[in-house]
Amino acid sequence: MHIPLPELALVALVGASSSGKSSFAARHFLPTEVLSSDRFRALVSDDENSLEATGDAFDSLFFLAGKRLTRGRLTVVDATSVRPEDRRRLIDLARAHDVLPVAIVLDLPRSVLEARHAARTDRSFPASVIGRQVSELRRTQRGLQKEGFRHVWTLRTEEEVTAATVSRVPLYTNRKELTGPFDFIGDVHGCLPELRELLGRLGYTLEGETVTPPPGRTAVFVGDLVDRGPDSAGVLRLVMGMVRSGAALCVPGNHDDKLGRALGGKAVKGLHGLDGTLAQLEVAGPEFRAEVRAFLDGLVSHLVLDGGRVVVAHAGLPERYQGRSSGRVRSFALYGDVDGSTDDLGLPVRRDWAREYRGSAYVVYGHTPVAQPRWVNRTLNIDTGCAFGGSLTALRYPEMETVGVPAHAQYAVPARPLAPPEETRELGGVPDLAALTGRARIETRTFGGVALKEGERAAALETFGRFGVDPAWCPFLPPTMSPVETSGRAEFLEYPAEAFAYFRSQGVAQVVCEEKHMGSRAVLVLTRDEETARRRFGPEGLGRIYTRTGRPFLKDDWEADVLTRARAAVTRAGLWEELNTGWLVLDAEILPWSLKAEELIKGQYAAVGAAGNATLPAAVEALERARARGLEVGDLLTRTRDRAADLTAYRAAYRAYVRRVEGPGDVQIRPFHLLASEGTVHMDRDHLWHLGTLGRLADADPTLFGRTAHRLVTLGDEGSEAEATEWWLALTAGGGEGMVVKPLAFLDAGKRTLQPAVKVRGREYLRIIYGPEYTRPEHLARLRSRSLAAKRGRALREFHLGLEALHRFTEGAGVGRVHECVLGVLALESEPIDARL
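Residues numbered from 1 in each chain as written. Predicted model: local features only at pLDDT ≥ 70, side-chain atom pairs only at ≥ 80, totals over all residues. Heavy atoms only, no water.

### Some details on helix α10 (residues 232-245)
Quick reminder of the rule: Secondary structure elements are defined from DSSP: runs of H or I of at least 4 residues count as helices, runs of E of at least 2 residues count as strands, and each element is numbered from the N terminus. Expected span of a helix: the number of residues minus one, times 1.5 Å. Only protein chains enter the accessibility calculation, which uses a 1.4 Å probe; a residue is then buried when its area is under 20% of its type maximum, exposed when over 50%, and partly exposed in between.
With 14 residues, α10 should cover 20 Å at 1.5 Å per step; its first-to-last C-alpha distance of 20 Å lies within 8% of that length. For α10, the tally of buried residues reaches 10 of 14 residues, placing the bulk of the element in the interior. Buried residues of α10: Ser 232, Ala 233, Gly 234, Val 235, Leu 236, Leu 238, Val 239, Met 240, Gly 241 and Met 242, and no others. Looking one or two residues beyond α10, the residue adopting positive phi is Gly 246, at roughly 90 degrees.

So this is what it looks like as structure tokens:
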């Protein structure tokens, strides 16, 4: 006999004493999976035959079994369990933990058991006990499934016991092997025209009732296919065909469940559109009705997908029910967290389980219609009330991008109006601090998963909580940037040729070289008016300016002045109207460097310069006097003079970026990315569009804003590369920091690991970073061995986390969901990497 055990179950090994349950368990299960009553009697009394210890032994056994089942571990109970009252406790334990109770019965002949008992020296009870156990088992074993055991396997001979094999079978809900990508589709409710339109927008090809998905993608329906809309039969026909062909998966909704019961002959009230659905199926004929009934009967309560990273259930599912099987789990998946009571409109009262959700898996669900997709913690409700005149929404996974089509008509009247967008957003507005700590894997739509360590996340939350701006005003943190590969040229540590070679090797045809401003990285969040600020960001104010770690960049009064002028410049440039937006997020450099780096300059660079200036000129003078007296100090004098010259160059390098700032009128902004505006993350625009659009701000207010000089370079064209190199040499010779080299396209979806930018810093600027004497041959030789792998890995992950945060923000996600990514960027910054890179 082959025994296909559910992977998560409470297994009862049932049989009289000496039937071989312990030997069977040792062959087929891990020692840690088996809980033996004899072993627990020994643990509590030092005597496994002590009958007076049986109560304590079983209390201990069931306590440990409960802990294992809570953790989702298969658990085997090795006890006689020949009486129904003994088995009842096992059934209750399995139900309490929403796992399947199954039984493996060893019903061997009584003569075999008595012979084995006679040969044992560890059993002192008489053989008549075995006779009573066999009689009790055979009297009641036909009722095992009625008692509640989902599966029962019975082995009746020694040969059957010896030959039996056991395998672990995934539960029907376990589809972890399916990794997607997926397109989750919200409650359709008979809206066939909208479903066909949505599938088309998602890239599915429809030819009549045949649907072909984009390569590799699978649609996943969250249930409630029927009722209310105009063509429930057509929706069923389309979805059933997709599931049959492998183009889709589906879980049942409460309306689907009710239809299945009606088709099965159960007494069901024809309310909420069910009567219309049944009429359509009556017209479709008995053969189609039978197909529908079989299809609905085959749907399981929920599905766990992509290695457990995402769960789909019609009404949602808390972590404790995911991947489990019971009537309670199915009821929650179909109806949500209800207690049987109704509200003043006669609707079931549904507790908001998503507000308390703390699971690691994303949960995609529907059931409760909302005006727009509702993100709360790691859950998303995509029932946007299509049948009520709202829209039909899908979630692309792992891109985490929502796509919707408006309803073609209002087919039914909701009992209450759909929650407005402001209310929906506010539900997720307070970050859940517990969800922002601990180890995590954040899924991004442009890169995939980004793993974060527990300590790094906790440190990021602590730092931002103490020093950061209001989280509602911080939808983005900029990424770090990797330097170019180390140059082999004698006098240079970094040089443009290596940047061009890198992007050529990645298949990039054109790059944009942008002047690297010697300032401080900043993000500007600008709003057009108070109403937009209040609606989109919440807290008081008209915008914020913050550093790349989320701290306020300017004093309050300075910030207010700069924001007022910046908003006015956007208005004069006509960007509010052109982009159809009331807010903008800009990535920029703010000048001068000394505005934010004054303490660094005084405490580090100027201190080194002052110390060297106090000693090296005096040392040169002393050595010159010594040589004049005839001492052999020529080599030392030459070296000291070189060191003094290096120090002079060092002081000149950092002083070039120091400028007195007496008020907000001295602040200058050099924006280079127009990151996002209402409804859009501008990653589909190339860098020339960003620079050109933002250059209009410099035209509108040249005192506050400035343009970023740049060159477009065609890779492989020697003249184009040489011209950009000469430009870089001129920039750096004139005191410039260097340039940033970027692919022309802001994002290339086909090149997931392509660096978004590399910086090429000038020879004299690097003197500030590596010290006055870094250009000496012995130091350059040492510095050329620097490793960039970790820096590049961090830059890539931070870039995609930042984009994901912007996508979530533009889609209206709550602050907690946006800040999962924002704080992820800050967490990655705590990785120990050479700060000079």
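### A few points about the side chain of Asp 107
Going by this rule: Note on contacts: a residue pair is in contact if any heavy atoms of the two residues lie within 4.5 Å.
Counting through the fold element by element, Asp 107 comes out in the loop between β5 (100-106) and α5 (110-119). Asp 107 has contacts with Leu 137, Arg 138, Gln 141, Thr 154, Leu 155 and Arg 156, leaving out every residue within four places of it along the chain.

### Some details on a negative patch on the surface
To be explicit about the condition: A patch consists of residues whose relative accessible area exceeds 30% and which take part in no salt bridge; residues with like charges are grouped when within 9 Å of each other, and nonpolar side chains (Val, Leu, Ile, Met, Phe, Trp, Tyr) when within 5 Å. What sets the accessible areas is the Shrake-Rupley method with a 1.4 Å probe; for residues, cover comes only from the shown protein chains. Counted as salt bridges are all cases of a side-chain nitrogen of Lys or Arg within 4 Å of a carboxyl oxygen of Asp or Glu. Positive charges come from Lys and Arg alone, negative charges from Asp and Glu alone, with His and the N- and C-terminal ends not counted. The location of each charge is read from NZ of Lys, CZ of Arg, CG of Asp or CD of Glu.
Together, Asp 46, Asp 47, Glu 52 and Asp 56 make up a negatively charged patch on the protein surface. Structurally, Asp 47 is set in the loop between α2 (37-45) and α3 (54-70).

### A look at the environment of Ala 626
Turning to its location among the elements, Ala 626 is positioned in helix α21 (residues 594-628). On a C-alpha basis, the gap between Ala 626 and Val 562 in space is 58 Å, while along the polypeptide they are 64 residues apart. Setting aside its immediate chain neighbours within four residues, Ala 626 contacts Leu 631 and Val 633.

### Here's the deal with the pairing of strand β29 (residues 583-591)
Defined as follows: We treat two strands as partners when DSSP finds at least two bridges between them.
In terms of residue burial, β29 counts as a mostly covered element, since 9 of its 9 residues are buried. Two strands pair when backbone bridges link them, and strand β27 (residues 520-527) and β29 are joined in this way by 8 bridges, in the antiparallel orientation. Residue pairing in the sheet places Arg 521 in a bridge with Glu 589 of β29. Here β29 pairs with strand β30 (residues 668-677) via 8 bridges, running antiparallel. In the sheet register, Leu 591 faces β30, and the bridge partner there is Gln 668.

### Re the packing of helix α11 (residues 254-263) against helix α12 (residues 274-284)
Quick note on the threshold: Helix axes use the C-alpha atoms of the stretch in contact, all axes being lines fitted to C-alpha atoms, and the angles between their N-to-C directions lie in the range 0 to 180 degrees. An angle below 35 degrees is read as roughly parallel, one above 145 as roughly antiparallel, one from 65 to 115 as roughly perpendicular, and any other as oblique. Handedness of a crossing follows from how the near helix is turned relative to the far one, being left-handed for an anticlockwise turn of less than a right angle and right-handed for a clockwise one.
With their axes 11 Å apart at the nearest point, α11 and α12 run at an angle of 55 degrees to one another. As summarised for this structure, α11 and α12 are arranged oblique, according to the angle between their axes. Regarding α11 and α12, the two cross each other, and that crossing is right-handed. In contact with Lys 258, Leu 259, Ala 262 and Leu 263 of α11, α12 contributes Leu 274, Thr 277, Leu 278 and Leu 281.

### A short note on the sheet that holds strand β4 (residues 75-78)
Strand order across the open sheet formed by 5 strands is β3-β4-β2-β5-β6, with parallel pairing between neighbours. At either end of the open sheet lies a strand with only one pairing partner, and these are β3 (34-36) and β6 (151-155). With direction set aside, neighbouring strand axes in the sheet form an average angle of 20 degrees. Pairing analysis gives 3 bridges linking β3 to β4, with the strands arranged parallel. Each bridged residue has a counterpart across the sheet, and for Val 34 the counterpart in β4 is Val 76. Each of β2 (9-14), β4 and β5 is contacted by helix α4 (residues 84-96), which is oriented at about 170 degrees to β2, the strand it contacts most.

### Let's talk about the packing of aromatic side chains
Worth spelling out the cut-off: Each Phe, Tyr or Trp ring (for Trp, its six-membered ring) is paired with any other whose centre lies within 6.5 Å, and the angle between the two planes then decides the class: stacked below 30 degrees, edge-to-face above 60, tilted in between. Lysine NZ or arginine CZ positioned within 6 Å of the ring centre and within 35 degrees of the ring normal marks a charge as sitting over the ring.
Counted by the stated rule, this structure contains 18 aromatic pairs. When the ring of Phe 184 is compared with that of Tyr 397, the centres are 6.3 Å apart and the planes differ by 80 degrees; the resulting orientation is edge-to-face. Linking Phe 184 in strand β9 (residues 182-185) with Tyr 397 in strand β21 (residues 391-397), this pair joins segments that are 213 residues apart in sequence. You can call Phe 184 buried: its relative accessible area is 0%. Linked through ring pairs, Tyr 321, Phe 332, Trp 353, Tyr 357 and Tyr 365 together constitute an aromatic cluster. The aromatic ring of Tyr 502 is capped on one face by Arg 792, whose charged end is 4.8 Å from the ring centroid.

### A short note on the nonpolar core
Selection criterion: Only buried residues count toward a nonpolar core, which is a set of Ala, Val, Leu, Ile, Met, Phe, Trp, Tyr and Cys residues joined through side-chain atoms within 4.5 Å.
Ranked by size, the top nonpolar core spans 59 residues in total, and within it Phe 184, Leu 305, Val 312 and Tyr 546 carry the most contacts. For this core, the leading source of residues is helix α28 (residues 815-828), giving 8 residues. Residues within four places of Phe 184 in sequence aside, it is in contact with Val 220, Leu 305, Val 310, Val 312, Val 364, Ile 382, Thr 393, Ala 394, Leu 395 and Tyr 397. Membership of the second largest hydrophobic core comes to 50 residues, among which are Leu 5, Ala 9, Ile 130 and Trp 153.

### Structural notes on α11
Counting buried residues in α11 gives 9 out of 10 residues, a clear majority hidden from the surface. Every buried residue belonging to α11 is among Asn 254, His 255, Asp 256, Asp 257, Lys 258, Leu 259, Gly 260, Ala 262 and Leu 263, and all of these are buried. Against α10, α12, α13 (286-297) and α14 (327-335) lie the buried residues of α11. Looking one or two places after α11, you find Gly 265, whose phi comes out positive at around 90 degrees.

### Quick word on the pairing of strand β22 (residues 401-406)
Pairing geometry for β21 and β22, over 6 bridges, is antiparallel. Residue pairing across strands places Ala 394 opposite Val 403, the latter belonging to β22. Here β21 hands over to β22 after 3 residues, with Met 400 in that stretch at a positive phi of 55 degrees.

### Comments concerning unusual backbone geometry
With an omega of 15 degrees, the peptide bond between Tyr 397 and Pro 398 qualifies as cis. Along the chain, Pro 398 falls in the loop between β21 and β22. With omega at 0 degrees, the peptide bond leading from Leu 591 into Pro 592 counts as cis. By the secondary structure assignment, Pro 592 is in the loop between β29 and α21. At His 189, a position not held by glycine, the phi torsion is positive, near 50 degrees. Position of His 189 among the secondary structure elements: in the loop between β9 and α9 (192-201). Positive phi values are uncommon outside glycine, yet Asp 227 reaches one of about 75 degrees. On the secondary structure map, Asp 227 appears in the loop between β12 (218-221) and α10.

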